[in-house]
Amino acid sequence: MGLALPVGLASGARGDALNERYASQFVFETELGAKATDALFVGGYFGFGLGAEGRDERIESFCDDNNSDGENDIECSVVSLRLGVTARWSFSPGESINPWLAYGIGFESQSQSINDRVARRRETTIASGLEFARLSGGLDWRPGKTFGMGPLLEASFGSFTKTSTEVNGEATFEGDVEDSAVHTWVTLALRGVFFP
Amino acid sequence: VSRRRRSYSFRLPLLVAVLAASAGCMVEDQGLPYDRLRIAVSRSDSTSVAGFPRCLTLPVLNGSVVEERYSIEGGLEVEVFATNGFVGLSFSGASQGASVNRTISVERLRAGYAESLEVTNPSGTAFTIGLGSGCSDGDIR
């Protein structure tokens, strides 16, 4: 689990930076796989993230709870999902301190919602596409043979190619992102590993 | 004098805070300030066309899209493509071709946009398309 920071462009449209759409996210991810050799792990990953609206001033002002009735009449949320395959190379697989590097590729989806409870209008837009390079490196500390842990730094490069919008549950658009661009999530996380 | 000054310096930030909170409350209590486009259609004899006026609410979020297609009459349709930055209108089946298509920015909508277009369907029937910022209660949403 860790913190992911948005960098780059959500699309090529004017002003559509990733951090204008989405704030930093708390991400939780799990991997399952096996060691092909002592040094090489291959497996799959599944993760989700929770965040908030980005730096777009207009959206940010809408989402702030700025009256005193104790509840937010304009609710905003961002949820992300990730799924894919990964390979990790351990440089000291039998040692108590093991540096490693990894590469992954998979699917990414970001779902953002704004729920106007006063007007009874809920708008949700989902952007999805391929994360073509998830590059990460870290250092595992293994006090025993069953568990290890350590910090990791990851940069995942992707592009949104599909988008859909729903208003009050009805699809208002579903199609390709006409002007797609490359974005990056930079993640600093703490990783735990069983049977390293 | 000293007490008065202290009292004044306390009230000013309080007043600013109350005004700022009130501005926030307007959005919180009245809902979001949506950008809207009204599309009205009438024939040359001023009779209105069924299914209009339409009220299109532009999406709020970056990346959101609203795409709609409204049938007018006799093969004439208006296709609407809206984001939180602009709304584009194109008329399929219009004798005038692409010259009647429009792209309207949210800045123009917020400034108070109004325009009237003359559009003819394939069988030669003329329609007046009235476009404008904001909607009325009776408009179809």
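Please read all numbers here as calculations on a predicted model, not as lab measurements.

## Quick word on the pairing of strand β3 (residues 66-73) of chain B
Residues and elements named next belong to chain B.
- Both β3 and strand β4 (residues 76-82) contribute to a ladder of 7 bridges, which runs antiparallel. Bridge assignment links Y70 to a residue of β4, and that residue is V78.
- In sequence, β3 turns back onto β4 through a hairpin of 2 residues, with G74 there showing a positive phi of about 60°.

## As for the sheet that holds strand β5 (residues 86-92) of chain B
All names here are of chain B.
- With antiparallel pairing, the 4 strands of this open sheet are ordered in space as β3-β4-β5-β6. At either margin of the open sheet sits one strand with a lone partner, and together these are β3 and β6 (102-105). Along the sheet, successive strands turn relative to each other by an average axial angle of 15°, direction set aside.
- As defined by bridge partners, β4 adjoins β5 across 6 bridges and the pair is classed as antiparallel.

## Brief notes about the sheet that holds strand β7 (residues 114-120) of chain B
Residue and element names in this part refer to chain B.
- The 4 strands lie next to each other as β2-β1-β8-β7, forming an open sheet whose pairing is antiparallel. On the outer flanks of this sheet lie β2 (54-57) and β7, each paired with one strand and no other. In this sheet, neighbouring strand axes are inclined to one another by 20° on average, regardless of whether the strands run parallel or antiparallel.
- Strand direction decides the pairing type here: strand β1 (residues 36-43) and strand β8 (residues 126-133), joined by 7 bridges, are antiparallel.

## Considering a negative patch on the surface
Residues and elements named next belong to chain A.
- Together, E57, E60, D64 and D65 give the surface a local cluster of negative charge.
- Structurally, D64 can be placed in the loop between α2 (57-63) and β4 (74-90).
- Relative accessible area serves as the criterion here: at 39%, D64 is assigned to the partly exposed category.

## Points about the interface of chain B and chain A
- Between chain B and chain A, the contact holds 25 residues from the first and 28 residues from the second.
- Note on chain B versus chain A: buried area summed over both sides is about 2,200 Å², and carbon and sulfur give 54% of it.
- The tally of links between chain B and chain A comes to 1 salt bridge.
- In this structure, R58(A) and D35(B) form a salt bridge, with 3.5 Å as the shortest nitrogen-oxygen distance.
- On the surface where chain B and chain A come into contact, there are 11 residue pairs in polar contact (both at pLDDT 80 or more).
- Contributing elements (two or more residues each) for the side of chain B that touches chain A: α1 (2-30) and β3 of chain B.
- For the side of chain B that touches chain A, the per-class residue count stands at 13 nonpolar, 7 polar and 5 charged.

## Side note on the side chain of D35(B)
- Examined against the element boundaries, D35(B) turns out to sit in the loop between α1 and β1.
- The class of D35(B) is buried, set by a relative accessible area of 10%.
- A distance of 3.5 Å separates a polar atom in the side chain of D35(B) from a polar atom in the side chain of R58(A).
- Each residue touching D35(B), except ones within four places of it in the same chain, is listed here: R58(A), L56(B), T57(B), L58(B), V106(B) and R110(B).

## Notes on the pairing of strand β2 (residues 25-35) of chain A
Residue and element names in this part refer to chain A.
- Two elements, strand β1 (residues 2-8) and β2, share 3 bridges in a ladder whose sense is antiparallel. Directly across from A4, in β2, lies its bridge partner Q25.
- Both β2 and strand β3 (residues 40-51) contribute to a ladder of 10 bridges, which runs antiparallel. Considered in β3, the bridge of F28 is made with F48.
- Counting the residues between successive antiparallel strands, the hairpin from β2 to β3 contains 4 residues.

## Details of the pattern of salt bridges
All names here are of chain A.
- One pass over the full model with this rule turns up 18 salt bridges over all chains.
- The salt bridge involving D176 is made with K162; its shortest N-O contact spans 2.7 Å. Here the residue D176 occupies a position in strand β8 (residues 170-176), and K162 occupies one in strand β7 (residues 147-167), the gap between them amounting to 14 residues.
- By sharing partners, the salt bridges in this structure join E29, R82, E108, E131, R134 and E154 into a single network.

## As for a nonpolar patch on the surface
Residue and element names in this part refer to chain A.
- A cluster of nonpolar side chains, M1, L3, L5, F26, F28, F46, F48, L50, V79, L81, L83 and F107, forms an exposed patch at the surface whose accessible area comes to about 1,100 Å².
- Here M1 lies in the segment before β1.
- We classify M1 as exposed; its relative accessible area is 60%.

## Some details on the state of the cysteines
All names here are of chain A.
- Here the structure, examined in full by the defined rule, presents 2 disulfides over all chains.
- The disulfide bridge from C63 ends at C76, spanning 1.9 Å between sulfur atoms. For the disulfide bridge between C63 and C76, the dihedral angle about the S-S bond is near -85°, and by the sign convention the bridge is left-handed. You can see C63 sitting in helix α2 and its partner C76 sitting in strand β4, a full 13 residues away along the chain.
- With relative accessibility at 23%, the residue C76 sits in the partly exposed group.

The rules behind each value
- Residues numbered from 1 in each chain as written.
- Chains lettered and ligands numbered in written order.
- Predicted model: local features only at pLDDT ≥ 70, side-chain atom pairs only at ≥ 80, totals over all residues.
- Heavy atoms only, no water.
- Pairing = 2+ DSSP bridges.
- Helix = DSSP H or I, 4+ residues; strand = E, 2+ residues; numbered from the N terminus.
- Axes fitted to C-alpha atoms, helices over the stretch in contact; angles between N-to-C directions.
- Patch = residues over 30% accessible without salt bridge, like charges linked within 9 Å, V, L, I, M, F, W, Y side chains within 5 Å.
- Areas by Shrake-Rupley, 256 points an atom, 1.4 Å probe, with all protein chains shown as cover.
- Salt bridge = Lys/Arg side-chain N within 4 Å of Asp/Glu carboxyl O.
- Lys, Arg positive; Asp, Glu negative; His and termini not counted.
- Charge placed at Lys NZ, Arg CZ, Asp CG, Glu CD.
- Buried < 20%, exposed > 50% of the residue type's maximum accessible area, 1.4 Å probe, protein only.
- Contact = heavy atoms within 4.5 Å.
- Buried area = accessible area lost by both parts, 1.4 Å probe.
- Polar contact = N/O pair within 3.5 Å; in protein donor to acceptor, adjacent residues only side chain to side chain.
- Nonpolar A, V, L, I, M, F, W, Y, C, P; charged D, E, K, R; others polar.
- Disulfide = S-S within 2.5 Å.

None of this, on its own, says anything about what the molecule does.
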